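# Chains, contacts and geometry: an overview
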Amino acid sequence: MASAGEYPRHVSRALSTLIDEDAIGARVGELAAEISADYADVDELVLIGVLKGSFIFLADLSRRMTVPHRIEFIAVSSYGERESEDPGAVRLILDVRHDIGGRHVLVIEDIVDTGHTLAYLMRLLSARLPESLKSCTLIRKPDRAEVDVAIDYLGFDIPDVWVVGYGLDYAEKYRTLPRICALER
Ligand code: PRP
């Protein structure tokens, strides 16, 4: 059995670090400062975390923000798993609990890959007439973009590799790794 703070050898062997814990922490701090400055005059910002992958990023980012905010969650899943379906189609499976009409809203994603999920969410939420609506993602893969979606706060651009850790999974594994790793196939 591995001792505290270590990961089992069979897990770590398949992974190579892309963004280490210090780099993530530093960038999350910068984003929190930038967001806090931009919303300094807002009574209460609504952060909407997109489940599941954003939960760790959201937890760290929100604790480093200095503006009052509330936390909501939303969850989607992609349709398009059968060949006959639209590969970019997205389905809402869990909605926020409170009305966002007239509120300042910031959507928090772990990763923007093709962009379909974020584009769908921004359309969905903007129809509810928030006072403002912006997006924040820790990671973006520019080489995978299929739709043009605005990202207001961006942590890192990465190449087209499968990444895990810091909330991101492969078959529900690796979400709690403290760093972001490329999963070697
Ligand atoms: C990931 C990620 C985004 C979406 C991005 O979620 O959290 O929501 O994919 O992909 P796109 O830009 O191609 O639409 P995933 O479906 O892996 O679910 P999870 O967050 O529950 O792991």
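Notes on the structure follow. The structure displayed is predicted, hence computed values, not measured ones.

## Observations concerning the nonpolar core
- Of all hydrophobic cores here, the largest spans 29 residues; its most connected members are I35, F57, L61 and L106.
- Contributions of two or more residues to this core are made by α2 (21-38), β2 (45-51), α3 (55-64), β5 (104-112), β6 (132-140) and β7 (153-157).
- Apart from residues no more than four positions distant in its own chain, F57 is found in contact with V28, L31, I108, E109, C136, T137, L138 and Y166.
- Judged by nonpolar contacts, the second largest core, of 19 residues, contains V107, L118, A119 and M122.

## Digging into the site of the ligand
- Surveying the vicinity of the ligand reveals 14 residues, the closest of which are E109, D110, T114, G115 and T117.
- Between the ligand and the protein, one listed contact pairs an oxygen atom with a backbone N or O atom of G53 at 2.9 Å.
- Burial of the ligand by the protein chains amounts to 73% of its free accessible area of 500 Å².
- Those elements giving two or more residues to the shell around the ligand turn out to be β5 and α4 (116-126).
- Counted by class, the shell around the ligand contains three nonpolar, five polar and six charged residues.

## A few points about the pattern of salt bridges
- Summed over all chains, the structure comprises 12 salt bridges.
- The partner of E44 in a salt bridge is R70, with the nearest N and O atoms 3.9 Å apart. One end of the pair, E44, is in the loop between α2 and β2; the other, R70, is in strand β3 (residues 69-78), and 26 residues separate them in sequence.
- A relative accessible area of 29% places E44 in the partly exposed class.
- R175 serves as the salt-bridge partner of D169, at 3.5 Å between the closest nitrogen and oxygen.
- Classification of R175 as buried rests on a relative accessible area of 12%.
- Linked through salt bridges whose partners overlap, the residues forming this network are E44, R70, E72 and R103.

## Examining the side chain of S36
- With respect to the helices and strands, S36 occurs in helix α2.
- Among the residues examined, S36 registers a relative accessible area of 7% and is labelled buried.
- From its side chain, S36 meets the backbone oxygen of A32 in a polar contact 2.6 Å long.
- Among all residues touching S36, those that are not within four sequence positions of it are M65, T66 and V67.

The rules behind the values
Residues numbered from 1 in each chain as written. Predicted model: local features only at pLDDT ≥ 70, side-chain atom pairs only at ≥ 80, totals over all residues. Heavy atoms only, no water. Core = buried A, V, L, I, M, F, W, Y, C linked by side-chain atoms within 4.5 Å. Buried < 20%, exposed > 50% of the residue type's maximum accessible area, 1.4 Å probe, protein only. Helix = DSSP H or I, 4+ residues; strand = E, 2+ residues; numbered from the N terminus. Contact = heavy atoms within 4.5 Å. Near = heavy atom within 4 Å. Polar contact = N/O pair within 3.5 Å; in protein donor to acceptor, adjacent residues only side chain to side chain. Areas by Shrake-Rupley, 256 points an atom, 1.4 Å probe, with all protein chains shown as cover. Nonpolar A, V, L, I, M, F, W, Y, C, P; charged D, E, K, R; others polar. Salt bridge = Lys/Arg side-chain N within 4 Å of Asp/Glu carboxyl O.

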